[in-house]
Each structure stands twice: as structure tokens, then as C-alpha cells.
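# Secondary and tertiary structure notes
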Amino acid sequence: MEEFLHISGHVLAHSVTDTLYLIPFLLVTYVAMEWLEHKAGGKAEGAIRRAGAAGPIVGSVVGVVPQCGFSAAAATLWAGRVITLGTLFAVLLSTSDEMLPIFIAEQVPADVVLKIVGAKIIIGMTMGFIVDAGLRIMRRIDAPLHIHELCEQERCHCHDGGGSVLKSAVRHTLQVTLFVFVVTLVLNGALEVVGEDALAELLRANPVLSVFGSALVGLVPNCAASVVIAQLYVEGVLGTGAMLAGLLVSAGVGLLVLVRTNRRVKENAAIVVALYAMGVGWGLLADAFGIVF
């Protein structure tokens, strides 16, 4: 009983920590979105569309900031169609999550860290532009803002005239935070029982398929995924391709926020599959060309 209480307390504390830092990112994002919807009108929508072409550049740069706050914000912004799908992919692919803290703690040479970060930025930017270009060719990139749909699906009555921008933003932030906390609590509980070592053994046991396995582990919406992948790379267990594949798709809770804010299941599934394919593809390319950081 005492051990159970200890594990439960550890899981709860870890889950609270994993969730709390998201609140500022989500709150600022929702304030901006509510302001656009309430105040800015059509002019703001037009400006966003004109600036969308440069979105992957900005997205790939901000995504490398440690942890996954920007991936959560990007998921929310895309659900409201404030940013393009290419910008969302740029953020998800460049998101560092816990990679940088692990590399710094393990005293990985600065030039190696910069090369990996630079590769993630370039890959995120490249794939973002490719996705947006493809959508333009198919004439599917001019979707209007869907901010009001976020309110409709939450039944929060934000646009009935009775709510302020801040009040609406706080309501949305709390709803998404609660969802992320519950799922994170379950994932942390499962990882506490199974152990992060199980993820490490999965990758160690399949060296030939390490690129595919690493990308699969990277999709786990929890910081443990990026921790395990970064640690195994430092230990020499994973090669460059496997490390790159896993860390490219390690978007942390960004994918959870995407599922919570965008209720189009097929779209979410397509994004996850495409993200996995991109990670595996770039990992295989790195190995094929013998790239070593």
C-alpha cells in the first residue's frame, strides 16, 4: 500500500508538472484567437493568409525551444485555421521537447547540438513549404478561420455576446488543460508501471528496424519519448538516422492538443501518419548518405 501511494504521488506530481507549463502558451494563444474573432474581422483574416507563406520559417525556428509549449500552441492555432498546415508540420518536426536538456546534461559537444538543432529547423521548414505548396496546388489552403467552431464544439457560448475575450480564452485554456492532464496522468501511470526502460529495450532489440521503432516511440505524447531517444543516442545505442527519426516526430503533448481541439478524426489521423512517414523518411535518408553529427 505504501509503495502504491508513493508511485501514485510520483505520477500525480509528474503529471501536474508536465501540464502546468502549457497554461501560459495556451492562454496567450486563445487570447490572440479570441481577439481575432471578436475584434479584427475580415482584415485580420486577410493579413493572416498573406503572411501564411512565411509560416514554416517562423514555425520551424520557435519549435526548437525546449519542451512542447509551441507545438501545443500551433495545434490550437491550426485547429482554428489561423496558421497553415505546413506551419503546423514545421513546428511539430522542429519541436525539441526534452532533447536539449538531455544533451546539455550529458555534455554533448555544442557543435553536435547545433547541427542537430539546425537539421530539425531545416527539415521542419522544408516539409512545411512542401505541404503548403501541395495544398495550394490542390487549392485547399484557402480555408477560412474556424475559431468559432472551437467554441461551438465546446458549447461554451463564447460568441453569444455575453463573454469577454479573456473570459473565453480562460475557459478554453482550462478545458484543453484538463484533457491534457487526464491523458498525461494515464500515460505517466503506464510508463511508471512498464518503465522507460521498456521503451529503451524496444529500440535496443531491433537495431535493423531502429529508425521505424524510434519514430514510433517518438509519437508517444509524453516527454519520456524524447528523453529515451536522446539518451540512447548519447550512449551510442541509436545511430543518427534512428535518433533523427524519433526526435523529428517527438512533438510531446502537441498531438494531444491537436486531438482535443480539432475534432476531425480523419484529419488528425492523416497528420499523425504523415508526421511518422516524414520522420522515418528523413531518418532513412540520413543513414543512406552516412550522415553523422
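Here, the structure is the one placed above.
Residue indices begin from 1 for each chain and proceed along its sequence in written order. Whole-chain, interface and lining totals are the exception, using all residues; otherwise, since this is a predicted model, local features are given only for residues with pLDDT of at least 70 and side-chain atom pairs are given and counted only at 80 or more. The basis for every side-chain value is the complete set of heavy atoms in the structure, and neither hydrogens nor water enter the calculation.

Secondary structure assignment for the chain yields 15 helices and zero strands. Exposure classes here rest on a 1.4 Å probe applied to the protein chains alone. A residue is buried below 20% of its type maximum, exposed above 50%, and partly exposed in between. Residue burial in the chain is summarised as follows: out of 293 residues, 49% are buried. A run of H or I in DSSP counts as a helix once it spans at least four residues, and a run of E counts as a strand once it spans at least two, with each numbered from the N terminus.

Burial analysis of helix H5 (residues 85-94) places ten of its ten residues in the buried class, the great majority of the element. When we look at burial in H5, the residues that qualify are Leu85, Gly86, Thr87, Leu88, Phe89, Ala90, Val91, Leu92, Leu93 and Ser94. Considering only its buried residues, H5 is in contact with helix H3 (55-62), helix H4 (69-79), helix H7 (110-137), helix H13 (240-248), helix H14 (254-261) and helix H15 (265-288). Contacts were defined at the residue level, with two residues in contact if any of their heavy atoms lie within 4.5 Å.

A few words on a nonpolar patch on the surface. Patch criteria: residues need more than 30% relative accessible area and no salt bridge. Like-charged residues are merged within 9 Å; nonpolar side chains of Val, Leu, Ile, Met, Phe, Trp and Tyr are merged within 5 Å. Only the protein chains shown count as cover for residues, and all accessible areas are computed by the Shrake-Rupley method using a 1.4 Å probe. Any carboxyl oxygen of Asp or Glu that lies within 4 Å of a side-chain nitrogen of Lys or Arg is treated as forming a salt bridge with it. A cluster of nonpolar side chains, Leu12, Val16, Leu20 and Leu185, forms an exposed patch at the surface whose accessible area comes to about 300 Å². Take the nonpolar patch: its biggest share by element is three residues, from helix H1 (residues 2-20). As for its placement among the helices and strands, Leu185 is situated in helix H9 (residues 165-194). Judged by its relative accessible area of 30%, Leu185 falls in the partly exposed class.

When the terminal C-alpha atoms of H15 are compared, their 34 Å separation across 24 residues agrees well with the 34 Å that a helix rising 1.5 Å per residue should span. All of the buried residues in H15 are Asn268, Ile271, Leu275, Met278, Gly279, Val280, Gly283 and Ala286. Contacts made by the buried residues of H15 are with H4, H5, H7, helix H11 (210-218), H13 and H14. Where H15 ends, the next residue or the one after it, Gly290, has phi of about 65°, a positive value. To estimate how far a helix should reach, multiply one less than its number of residues by 1.5 Å.

The next point concerns unusual backbone geometry. A positive phi angle, close to 60°, is found at Arg81, a residue other than glycine. Checked against the element boundaries, Arg81 lands in the loop between H4 and H5. Judged by its relative accessible area of 13%, Arg81 is buried. One non-glycine residue, Asp97, adopts positive backbone phi at about 50°. Relative to the assigned elements, Asp97 resides in the loop between H5 and helix H6 (99-105). Relative accessible area serves as the criterion here: at 2%, Asp97 is assigned to the buried category.

Now for the pattern of salt bridges. Using the criterion set out here, one finds two salt bridges in the structure. Salt-bridge contacts for Arg81 lead to Glu267; the nearest nitrogen and oxygen are separated by 3.1 Å. Here Arg81 is found in the loop between H4 and H5, whereas its partner Glu267 is found in helix H15, with 186 residues between them in sequence. Judged by its relative accessible area of 28%, Glu267 is partly exposed. Between Arg264 and Glu267 there is a salt bridge, and its shortest N-O distance comes to 3.9 Å. What emerges from the salt-bridge pattern is a single network uniting Arg81, Arg264 and Glu267.

Next up on the list: the environment of Asn188. Its place among the elements puts Asn188 in helix H9. Remark: the alpha-carbon pair of Asn188 and Ala224, spanning 36 residues in sequence, is separated by 8.8 Å. Setting aside chain neighbours within four positions, we find Asn188 in contact with Val11, His14, Ser15, Asp18 and Asn222. A polar side-chain atom of Asn188 sits 2.8 Å from a polar atom in the side chain of Asn222. Identification of polar contacts relies on pairs of N or O atoms within 3.5 Å, with a donor-acceptor requirement for protein atoms, meaning one able to donate a hydrogen and the other able to accept it, and with residues adjacent in sequence counted only if both atoms are side-chain atoms.

The criterion for an aromatic pair is that two Phe, Tyr or Trp rings (for Trp, the six-membered ring) have centres within 6.5 Å, with stacked assigned to planes under 30 degrees apart, edge-to-face to planes over 60 apart and tilted to the rest. Throughout the structure, instances matching the rule amount to two aromatic pairs. Summarising the aromatic geometry, the rings of Phe25 and Phe70 are spaced 5.1 Å apart at their centres and angled 75° between planes, so their arrangement reads as edge-to-face. With Phe25 in helix H2 (residues 22-51) and Phe70 in helix H4, the pair connects residues that are 45 residues apart, well separated along the chain. Looking at Phe25, the relative accessible area reads 26%, which means it is partly exposed. With 6.2 Å between their ring centres and 50° between their planes, Phe103 and Tyr233 make a pair best called tilted. In this pair, Phe103 is assigned in helix H6 and Tyr233 in helix H12 (residues 223-234), connecting sequence segments 130 residues apart. Overall, the relative accessible area of 14% leaves Tyr233 in the buried class.

With that settled, the discussion passes to the nonpolar core. What we call a nonpolar core is a set of buried Ala, Val, Leu, Ile, Met, Phe, Trp, Tyr and Cys residues that are connected through their side-chain atoms within 4.5 Å. Grouped together as the largest cluster of nonpolar side chains are 69 residues, with contacts concentrated most on Leu85, Leu88, Phe103, Ile271 and Leu275. With nine residues, the single largest contributor to this core is H7. Those residues in contact with Leu275 that sit more than four places away from it in its chain are Phe89, Leu92, Leu93, Leu219, Leu248, Val249 and Leu255.

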